[in-house]
Amino acid sequence: MEDIILPRRLFLWCMALIYMVAFVSLYVQIPGLYGNDGLLPARWQLRYTGKPLLDQLLSSPTLLWLGPHLGLDTQTAMELLCLTGAALSLAAMLVEALRDSLVFFCLWALYLSMYQVGQVFLYFQWDNLLLETGFLCILVAPLTSVRGSRAVREHDRVTFWLIRWLLFRLMFASGVVKLTSRCPTWWGLTALTYHYETQCIPTPLAWFAHQLPVWWHKLSVVGTFVIEIPLPLLFFSPLRRLRLGAFYLQVLLQVLIILSGNYNVFNLLTLTLCLSLLDDRHVNFWLRKANKFDDENNGTIQRISRWGVLLP
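What you see is a predicted model; the values in this text were computed from it and never measured.

(A) Local environment of the nonpolar core. Of all hydrophobic cores here, the largest spans 70 residues; its most connected members are Phe-11, Met-15, Tyr-19 and Phe-104. Every element with two or more residues in this core is listed here: helix H1 (5-34), helix H3 (74-94), helix H4 (101-118), helix H5 (125-140), helix H7 (157-180), helix H12 (240-260) and helix H13 (266-274). Of the residues forming this core, the biggest block, 13 residues, is contributed by H1. Those residues within four positions of Phe-11 in sequence are excluded, and the remaining contacts are Thr-133, Cys-137, Val-140, Phe-160, Ile-163, Thr-272, Leu-273 and Leu-275. Leu-192, Val-221, Phe-225 and Ile-229 belong to the second largest nonpolar core, which has nine residues in total.

Structural data, given as structure tokens:
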């Protein structure tokens, strides 16, 4: 079987990036959403009844219970947690040693703390997916404080297979639920004739996608069903080429969604989960292609420089 050291490292780096994006995005929205004069003040979710801190944490696991003990109101505590999460995830991006099980546990705990008081604004599919994937990161990442843990975790296939299993559940359920909903637009293959103008935050390219002919929209729905329902079965194929083919088709679907609509970090998370389908040999293939491209560019620059010196 192929080694999975490089995909695992790339997965953890991408998760650190997604955490940073999530914390920064949430930080700038706190005053308007959860501040004392916000739409849904977070302080309403924390009822200080005089119970011991442990009982409060058990009833609602959020670090915001520590706010009064530190002399902070709920809004300030939320901003502090977001800044801490953003700084920690940025550090994990820049320093490989910080892509550690304990660091990812802290990031997961910080986001869970925000989720507990986030109400309807943090009850989206991508928030749940970030928490579930973030919890798996705790298992996938090495525990640097334990000697030899990095070598053991990097060769541990079981924990990384949990990422692949999550990807399968996500994609397969996304396809099946469209049919089990009995929505006539999905069964009639006309869903995309409405989708681009009714989605949450369409991009400028969504207008052009909406103008495509109806037959193209119907063909796109069929392609979506194929990619989301039967194709995920290939995630577990013993044939490497079938897994790589499934990887690129999943990437194609997610990139098309990103180009036509804004779903926060949902599609970035899905792309990151797709890394579980790769192996070291394929990542090295990417790196060799990149190095070859750099070498060709450097050679071209050197030739241009030589001609520049020779020409009067």
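Next comes the rest of the description.
(B) How the structure looks around the confidence of the model for the chain. Taken over all residues, the pLDDT of the chain has a mean of 87, while the share at 70 or more is 88%. Low pLDDT, under 50, characterises residues 303-312; the predicted model gives this stretch zero contacts beyond four residues in sequence or across chains.

(C) Local environment of the UniProt feature "transmembrane region" (unreviewed entry) in the chain. Feature annotation in UniProt assigns "transmembrane region" (unreviewed entry) to the following positions: residues 12-30, 76-95, 102-123, 129-146, 158-177, 215-235 and 247-266. Secondary structure across residues 12-30 divides into 100% helix and 0% strand, with the first and last C-alpha atoms of the span separated by 27 Å. Measuring from the first to the last C-alpha atom of residues 215-235 gives 30 Å, for a span that is 67% helix and 0% strand.

(D) Expanded view of unusual backbone geometry. Although it is not a glycine, Gln-119 adopts a positive phi angle of roughly 55 degrees. Along the chain, the position of Gln-119 falls in the loop between H4 and H5. The buried category is assigned to Gln-119, whose relative accessible area is 10%. Phi at Leu-189 is positive, roughly 65 degrees, even though this residue is not glycine. As for its placement among the helices and strands, Leu-189 is situated in the loop between helix H8 (184-187) and helix H9 (192-198). The exposure class of Leu-189 is partly exposed, given its relative accessible area of 25%.

(E) Quick look at the layout of surface pockets. Approximately 1100 Å³ is the volume found for the largest pocket. Contributing to the lining of the largest pocket are 39 residues, with Leu-192, His-195, Thr-224, Leu-253 and Ile-257 lying nearest its centre. When residues of the lining of the largest pocket are traced back to their parent elements, those giving at least two are H5, H7, H8, H9, helix H10 (204-210), helix H11 (214-228), H12 and H13. Taken together, the residues that form the lining of the largest pocket break down as 25 nonpolar, 12 polar and two charged. Along the walls of the second largest pocket sit 23 residues, with Ser-25, Gln-29, Trp-126, Tyr-263 and Asn-264 positioned nearest its centre. Taken together, the elements giving at least two residues each to the lining of the second largest pocket come down to H1, H5 and H13. Looking at the lining of the second largest pocket element by element, the count peaks at seven residues for H1. Grouping the constituent residues of the lining of the second largest pocket by class yields 16 nonpolar, six polar and one charged.

(F) Expanded view of the environment of Ser-276. Mapped onto the elements, Ser-276 comes out in the loop between H13 and helix H14 (280-310). Classification of Ser-276 as buried rests on a relative accessible area of 1%. Those residues in contact with Ser-276, other than ones at most four positions away along the chain, are Phe-160, Ile-163, Arg-164 and Leu-167.

Definitions and cut-offs
Residues numbered from 1 in each chain as written. Predicted model: local features only at pLDDT ≥ 70, side-chain atom pairs only at ≥ 80, totals over all residues. Heavy atoms only, no water. Core = buried A, V, L, I, M, F, W, Y, C linked by side-chain atoms within 4.5 Å. Buried < 20%, exposed > 50% of the residue type's maximum accessible area, 1.4 Å probe, protein only. Helix = DSSP H or I, 4+ residues; strand = E, 2+ residues; numbered from the N terminus. Contact = heavy atoms within 4.5 Å. pLDDT = per-residue confidence, 0-100. UniProt positions renumbered as here; feature names shortened; annotations may be inferred. 1 Å grid on protein atoms, 1.4 Å probe; cavity = no way out; pocket = protein on both sides within 12 Å on 5 of 7 lines; lining within 4 Å. Points joined across faces, edges and corners; volume = space filled by probe spheres on them. Nonpolar A, V, L, I, M, F, W, Y, C, P; charged D, E, K, R; others polar.

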